[in-house]
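# Understanding the architecture of this molecule
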Amino acid sequence: TIDKNITLLPVIAGVNVYPEYIADGALIVDDVAGCIIDYGSSETILANYAEANNQAPVKIHDYRNKLIMPGFIDTHVHYPQIDMIAAYGEQLLDWLNNYTFVTEANFADPKIAHDTAQFFLNQLMANGTTSAMVFCTSHPQSAEAFFTESHRLNTRMITGNVLMDKNAPEHLCVPAEQSIQDTQNIINNWHGRGRQHVAITPRFAITSTPKQLQLAGELYASYDNVYLQTHLAENRDEMAFVRKLYPKHKGYLDVYEDMGLLGRYTTLAHGIYLETAEYERLRATGTQIAHCPTSNLFLGSGLFDLPKTLSYTSVSIATDVGAGTSLSMLVTLSEAYKVQQLQNNQLSAHQGLYQITLGNAQSLMLDDKIGNFMPNKEADFVVIDMAATPLLERRIAQTKTLEERLFVLMMLGDDRVIDETVIAGVSRYKKVATA
Ligand code: GUN
Ligand code: FE
């Protein structure tokens with residue numbers, strides 16, 4: 001039997017920067033195949049579907065007065081750091097040494113890794129995030145645990161073991177050859193299995209030997225669509241450290257380019273302190289930058305120049321938890337807006353909401369699969385309650401236009417507005433009713 005879901009209500013499909021908004025919409029989902037069949041105005045789409053399918057049976061989910069959007073995508077986040085989010089008082093390098101490495105050491109224990117991965121994935125869904133590019137720890141079992149839990153939920157995720165072989169506690173360092181072999185094994189086990197993808201994950205230039213970075217580059221070059229993720233130009237002390245480690249290179253980005261780490265499947269987090277020549281190399285290599293506003297503010301790293309970076313290359317928006325302070329992509333957008341305001345730039349609701357759906361999908365080369373409601377894409381979506389709190393309800397009632405409403409949602413929304421999260425046609429999170 002065919003079992004289809006029909007969704008009645010407003011739909012937003014992030015098509016280009018201007019969202020497509022359907023006031024009384026329907027989304028037709030094949031919940032066996034997990035993909036979208038069609039979307040449109042509820043009257044015509046339901047009639048057309050019934051006719052074309054000879055009155056095939058459908059299950060109707062009524063989401064009247066709610067907003068349906070494509071699932072949110074987070075392009076840079078560390079799952080083990082959920083256990084040390086909101087750690088007091090330090091900037092990047094001391095924060096890593098005093099808090100991050102201490103917590104990451106726990107992930108040698110596969111049970112801790114599985115429990116935390118499960119908790120983290122549930123938190124992502126509670127925040128409306130359905131796909132992410134994720135850091136684990138240097139323990140291969142941390143990646144194994146994450147993929148196992150993600151595969152069970154059928155979320156589309158990208159991750160890999162973190163490569164570190166110096167300038168970190170010895171028990172977190174894995175020698176270059178061994179660490180690359182670990183990544184190779186993870187690729188063999190997980191890359192392309194269900195909705196899982198592997199990313200080669202050198203932490204950053206400081207914690208890898210040139211040998212480890214070089215081997216990472218060679219492994220990256222040997223695949224067409226394995227990802228690579230690392231950090232770039234986040235903090236001034238970090239910049240000075242890299243300059244000392246690589247005095248002969250033109251700059252931070254040049255170290256990565258020299259090691260073969262740049263390309264269309266590469267995501268570099270931060271990129272706050274870049275020279276014009278470096279922006280040009282990002283463009284030439286098709287390398288994208290993940291902007292992490294709550295992290296940049298929390299660690300006091302600096303203000304990201306969004307218009308300038310966008311004029312050279314693709315930019316995605318990411319939480320960077322645990323340096324970031326929220327897993328909510330709506331909260332992240334709200335902080336991104338403020339970071340731009342401090343530089344006299346704006347970030348509109350249309351641009352922001354486009355960014356955390358189709359825009360981030362494009363940055364991750366996944367826009368053929370996720371990011372909007374085009375037929376045959378995977379049915380990852382969120383049901384949003386724009387009246388989730390008394391304040392939101394009251395403020396939304398004052399708005400006159402869709403853009404105003406969406407801006408209020410972007411500034412005031414968080415996990416409380418997420419009523420339900422659907423992964424490949426299957427409901428995986430429902431908000432517990434409060435009253
Ligand atoms: N640079 C290297 N490692 C990290 C990390 O875990 N978080 C952040 N924000 N920056 C980093
Ligand atoms: Fe990070």
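Residues numbered from 1 in each chain as written. Chains lettered and ligands numbered in written order. Predicted model: local features only at pLDDT ≥ 70, side-chain atom pairs only at ≥ 80, totals over all residues.

Going by the annotation in an unreviewed UniProt entry, the name recorded for the chain is Guanine deaminase, with Psychrobacter luti given as the source organism. Under the UniProt heading Sequence similarities (unreviewed entry), the note attached to the chain is "Belongs to the metallo-dependent hydrolases superfamily. ATZ/TRZ family." (UniProt positions renumbered as here; feature names shortened; annotations may be inferred.)

## Things to note about the pairing of strand β10 (residues 156–159)
Residues R156 and I158 point to one face of β10 and M157 and T159 to the other, with burial holding for every one of them. When strand β9 (residues 129–135) meets β10, the two strands line up parallel, connected through three bridges. Bridging across to β10, M133 finds its partner in I158. For the crossover that starts at β9, traverses helix α4 (residues 140–153) and ends in the parallel β10, the hand is right-handed. In this sheet, strand β12 (residues 196–202) lies alongside β10 in parallel orientation, the contact comprising three bridges. Bridge pairing links T159 to V198 in β12. (Buried ≥ 20, exposed ≤ 12 C-beta atoms within 10 Å, placed from the backbone. Helix = DSSP H or I, 4+ residues; strand = E, 2+ residues; numbered from the N terminus. Pairing = 2+ DSSP bridges. Right-handed = clockwise from strand over helix to strand, strands pointing away.)

## Let's talk about the domain arrangement of the chain
When cut into domains, the chain gives domain 1 (4–70 + 372–430) and domain 2 (72–363). Between domain 1 and domain 2, the C-alpha centre-to-centre distance is 30 Å. Taken together, the 26 residues of domain 1 in the interface contact 25 residues of domain 2. Secondary-structure elements contributing two or more residues to the side of domain 1 that touches domain 2 are β7 (67–70), α15 (402–412), β18 (418–423) and β19 (426–430). Ranked by the residues each element gives to the side of domain 1 that touches domain 2, the list is headed by α15, at six residues. A per-class count over the side of domain 1 that touches domain 2 returns 16 nonpolar, four polar and six charged. (Domains from an automatic or database assignment. Contact = placed C-beta atoms within 7 Å. Nonpolar A, V, L, I, M, F, W, Y, C, P; charged D, E, K, R; others polar.)

## Some details on the site of ligand 1
The environment of ligand 1 is formed by H78, L92, L96, T100, R203, F204, H231, E234, S295, D320 and A323. Looking at the shell around ligand 1, the element that brings in the most residues is helix α2 (residues 92–104), giving three residues. Looking at the shell around ligand 1, its residues break down into four nonpolar, four polar and three charged. (Near = placed C-beta within 6 Å.)

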